[in-house]
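Take a look at the letters that make up each chain.
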Amino acid sequence: MSDSQPPRRRVPGPAAPRGRRPGSPGGGAGGAGGAGAARSARGAREARGTARPARPGGRPPRPGRRPGTIRLGSPRPRLRLVGLGLAFVLLVFTVRLLQVQAVDAEAYAAKSRVNRYITHEIAAERGSITDRHGGELATTVDAYDIIGDPYLFTPGQSKARDTPARAAALLAPVLGADEDELARKLSTPGSRYAVLARARSPQVWKQIQDLKTAFAERESAGGGRNPLAGVYQEPRSKRVYPNKELAAGVLGFVGADGKGGGGLEAKLDRELAGEPGRITYAHSGGRRVPTESAREQPAVPGSDIRLTLDRDVQWAAQRAITDQVEKSGAERGYVVVQDTRSGEILALANAPGFDPNDLSGATGGLGNPALEDAYEPGSTSKVMSMAAVLEEGAATPGTHVTVPNRLPRADRLFADDVDHPTWYLTLNGVLAKSSNIGTILAVEQLGATQPEANRVLHSYLRKFGIGRPTGLGHPGETPGILAKPEAWSVSQQYTIPFGQGLSLNAVQAASVYSTIANGGVRVTPTLVRGTTGPDGRWSPAPEPETTRVVGEKTATTLTRMLESVVGSEEGTGTRARIPGYRVAGKTGTSNRVDPETGRYRGYTASFAGFAPADEPRVTVYCAVQDPSEGSYFGGQVCGPVFKQVMEFALKSLGVPPSGASAPALPVTFDPGD
């Protein structure tokens, strides 16, 4: 009996006999009587009109249902189920929305900023370097650093594992860089900034832009992700030297990192570089979004530096020394031109030089040998010995000095450059003929003993600036070598008076002659006249220090003696004569120390002087290291260079010719008088 059907009620009838079930076979009258009673009851109901329709199995139909119809299930449960499902879906969306906009809002905003905003440095415009008249020696032009964002090349951002390699393959031929190195930079983990190339021209960036545009169009057409989407540019100024090799040793160069790598570019890097700025802006597809605002901190331009150099005089000096180095087959050479009154360096030329625009072609180094080379000056140093003798009153220009062919001192014999019979020279003649022996004899008069004479000479050498920095503060500058007098060896105490056993640089040597030309007052050499700041304000350089070395009378006497070197037919500097001008100068020829072996090998030829001797304005010093072709004497090698440069400088500066002729000082004396 089904649970959904009500139990059938039994109609009570006559009790069945014990032991038999009603209606069972063999029930006899009792079974028949029960059936009859049931039929009697239905008949009674039908007579009353309340008979129920018959149902299969004999069950009566339920009240209210028409016979033969099928009843549908109720829709309410289904509607409730659908409503619950929709409510659940809406709840999930609501919870997710709250999570994104409230709980995790900052995290998602940060992710958005990572991909949408980029911050990079704004390079400051590097200041220019000009000569004393404003002529450009070093300037800047527009260029770009090519930058990559390694984060945007990761698989999670680029949706590919080989994006760095693909980008490197595209960029390498454009940038002229190594493909593997570019791929390595673009794959740097945890980095947001990688410099792929520095100071590239606008044309190079235009090529990269064209590639990015082409790939962006392919990406929009469903052709895959743009492998160059993470490549950008940063505006930067490229250093340019319009005169190429001119004054390269002084100027130096700027490295690929934008910092000064030598010379004044390194020394004055902070003033020239300025202060970089920063900018943050929105980008899409590697391009800046113009409608979005940007946060920018402007860069502060560097200061312009005005030097003491005269571009025209520098050109003349560089051409003259370059020609002579090539002609002589020499290792190198330098020329220094200095204003005798102000101490300003008008020219500082080296040969061979280099082009700061293309360092790959440099063969003679990237420094400034005129300041970096320490070498023994030879006879040009004798002017300091003579200054000490005159200032101390140990002798006068007319003092008689008998000069033998050999002079025994200590454990050796000293000689002059040439063999000669005994010379009978005045002190002026000792300088004019550049006698080593005569100089030793004169310096011995500085003290009652040799150690005392050594101390006096040492004090004058120091006052002339030997063994101490020039004051230029140039990178790599050497102060020279000058031992204390008590440390002088047995030979040094006799060789130092004529320029062997001590070392200096070319600017120090020029400064010695400028000191004599300036009446005995040493003015610290200078290379910078002043600066013009980013606000356009001019700031002159500090006044140079001055030191009285010898008295004006001694300086005047020395000047006349130096004129004998050039003007007298017995002098060694006749090739330095300049028509119309009185010239004071001195030749120098010294043994050269081989830097590899530490022993003497070859020579240093030099000439130093100033003009006009009666009203000094310009000092010129020339030195050529290890000439191997032709003569190696200073008068023959550097005398013509001095003349060529001095003539140009005097005319360029508008210096009038000399008035009266030079007074003749005696070179020799008659031993019979």
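Summarised in this report is the structure supplied together with it. (Residues numbered from 1 in each chain as written. Predicted model: local features only at pLDDT ≥ 70, side-chain atom pairs only at ≥ 80, totals over all residues. Heavy atoms only, no water.)

All right, on to the environment of Val 389 then. With respect to the helices, strands and loops of the structure, Val 389 is situated in helix H13 (residues 382–391). Separated by 165 residues in sequence, Val 389 and Thr 554 have C-alpha atoms that sit 9.5 Å apart. Those residues in contact with Val 389 that lie beyond four places of it in its chain are Ala 394, Ala 395, Leu 427, Ala 442, Val 443 and Leu 446. (Helix = DSSP H or I, 4+ residues; strand = E, 2+ residues; numbered from the N terminus. Contact = heavy atoms within 4.5 Å.)

Another aspect to go through is the packing of H13 against helix H16 (residues 450–463). A packed helix pair is summarised by two numbers, namely the angle formed by the two axes and the spacing between the axes. Running from amino to carboxyl end, H13 crosses H16 at an angle of 115°, the nearest separation of the two axes being 9 Å. Crossing of H13 over H16 shows right-handed handedness. Between H13 and H16, the contacting residues are Met 384, Ser 385, Ala 388 and Glu 391 on the first element and Leu 457, Tyr 460 and Leu 461 on the second. Taken together, the residues that form the contact of H13 with H16 break down as five nonpolar, one polar and one charged. (Axes fitted to C-alpha atoms, helices over the stretch in contact; angles between N-to-C directions. Left-handed = near helix turned anticlockwise from the far one by under 90°. Nonpolar A, V, L, I, M, F, W, Y, C, P; charged D, E, K, R; others polar.)

Two elements, strand S2 (residues 129–130) and strand S3 (residues 136–148), share two bridges in a ladder whose sense is antiparallel. Note on S3: the bridge partner recorded for Ile 129 is Ala 138. What sits between the antiparallel neighbours S2 and S3 is a turn of five residues, in which Gly 134 has the positive phi angle 95°. Bridge analysis of S3 against strand S5 (residues 231–240) gives ten bridges, and the strand direction is antiparallel. By the bridge assignment, Asp 142 is partnered in S5 with Ser 237. Summarising the sheet, S3 and strand S4 (residues 194–200) pair through four bridges and their orientation is antiparallel. What sits directly across from Tyr 144, in S4, is Arg 200. (Pairing = 2+ DSSP bridges.)

Across all of its chains, the model carries two cavities of 30 Å³ or more by this definition. What the largest cavity holds in volume is close to 60 Å³. Every residue along the wall of the largest cavity is listed here: Gln 338, Asp 339, Thr 340, Gly 343, Ser 511, Ser 514, Thr 515, Asn 518, Val 521, Arg 522 and Val 523. Mapped by element, the contributors of at least two residues to the lining of the largest cavity are strand S12 (332–339), helix H18 (506–517) and strand S18 (521–523). (1 Å grid on protein atoms, 1.4 Å probe; cavity = no way out; pocket = protein on both sides within 12 Å on 5 of 7 lines; lining within 4 Å. Points joined across faces, edges and corners; volume = space filled by probe spheres on them.)

On the surface, Glu 125, Glu 136, Asp 142 and Asp 304 cluster together into a negatively charged patch. For Asp 304, the location among the structural elements is in strand S11 (residues 304–307). According to the relative accessible area criterion, Asp 304 is partly exposed, its value standing at 32%. (Patch = residues over 30% accessible without salt bridge, like charges linked within 9 Å, V, L, I, M, F, W, Y side chains within 5 Å. Areas by Shrake-Rupley, 256 points an atom, 1.4 Å probe, with all protein chains shown as cover. Salt bridge = Lys/Arg side-chain N within 4 Å of Asp/Glu carboxyl O. Lys, Arg positive; Asp, Glu negative; His and termini not counted. Charge placed at Lys NZ, Arg CZ, Asp CG, Glu CD. Buried < 20%, exposed > 50% of the residue type's maximum accessible area, 1.4 Å probe, protein only.)

The next subject is the packing of aromatic side chains. Here a ring pair, both rings aromatic, is described through the centre-centre distance and the interplanar angle of the planes. The final tally for this structure, using the stated rule, is seven aromatic pairs. Aromatic pair Trp 315 and Phe 648: ring centres 6.3 Å apart, planes at 55°, arrangement tilted. Residue Trp 315 is found in helix H11 (residues 311–328), and its partner Phe 648 is found in helix H21 (residues 639–652); the two are separated by 333 residues along the sequence. The partly exposed category is assigned to Trp 315, whose relative accessible area is 43%. Aromatic pair Tyr 632 and Phe 633: ring centres 4.7 Å apart, planes at 25°, arrangement stacked. For Phe 633, a relative accessible area of 30% gives the class partly exposed. Each residue in the set Tyr 603, Tyr 632 and Phe 633 is aromatic and connected to the rest through ring pairs, giving one cluster. The cationic tip of Lys 433 hangs over the ring face of Trp 423; the distance from NZ or CZ to the ring centre is 4.7 Å. (Phe/Tyr/Trp six-rings, centres within 6.5 Å; stacked < 30°, edge-to-face > 60°. Lys NZ or Arg CZ within 6 Å of the ring centre and 35° of its normal.)

Taken together, five strands build an open sheet; the order of strands is S13-S12-S24-S23-S22 and the sheet is antiparallel. Edge positions in the open sheet fall to strand S13 (345–351) and strand S22 (584–593), since each of these has one partner strand only. Averaged over all pairs of adjacent strands, the angle between their axes in this sheet comes to 10°, without regard to strand direction. The sheet contact formed by S12 and strand S24 (residues 618–625) spans eight bridges and is antiparallel. Note that in S24 the partner of Tyr 334 across the bridge is Ala 623. Against the sheet, helix H19 (residues 552–567) touches S22 and strand S23 (600–611), its axis set at about 75° to S22.

On to the layout of surface pockets. Its boundaries defined by the atoms lining it, the second largest pocket holds a volume of some 730 Å³. Surrounding the second largest pocket, 28 residues form its lining, Val 254, Gly 255, Ala 256, Asp 257 and Gly 258 being those nearest its centre. If you list the elements that add at least two residues to the lining of the second largest pocket, you get S4, S5 and helix H10 (269–273). A per-class count over the lining of the second largest pocket returns eleven nonpolar, six polar and eleven charged.

Another aspect to go through is the environment of Gly 258. Inspection of the secondary structure puts Gly 258 in the loop between strand S6 (253–254) and strand S7 (260–262). Exposure remark for Gly 258: the relative accessible area of 29% places this residue in the partly exposed category. Distance in space between the C-alpha atoms of Gly 258 and Arg 239 is 8.4 Å, their sequence separation being 19 residues.

Turning our attention to the side chain of Thr 619. Tracing the chain through its elements places Thr 619 in strand S24. A relative accessible area of 0% places Thr 619 in the buried class. Polar side-chain contacts of Thr 619 include one of 2.9 Å to the side chain of Ser 514. (Polar contact = N/O pair within 3.5 Å; in protein donor to acceptor, adjacent residues only side chain to side chain.)

Time to look at H21. Here H21 spans 20 Å end to end across 14 residues, near enough to the 20 Å set by a 1.5 Å rise per residue. Along H21, the residues that are buried comprise Gly 639, Val 641, Phe 642, Val 645, Met 646, Ala 649 and Leu 650. Along the long axis of H21, the arc covered by the buried residues comes to 150°, so they all point the same way. Of the surrounding secondary structure, the elements contacted by the buried residues of H21 are H11, S12, S23, S24 and helix H20 (634–637). One or two residues past the end of H21 sits Gly 654, with phi positive at roughly 70°. (Expected span 1.5 Å × (residues − 1). Arc of directions from axis to C-beta.)

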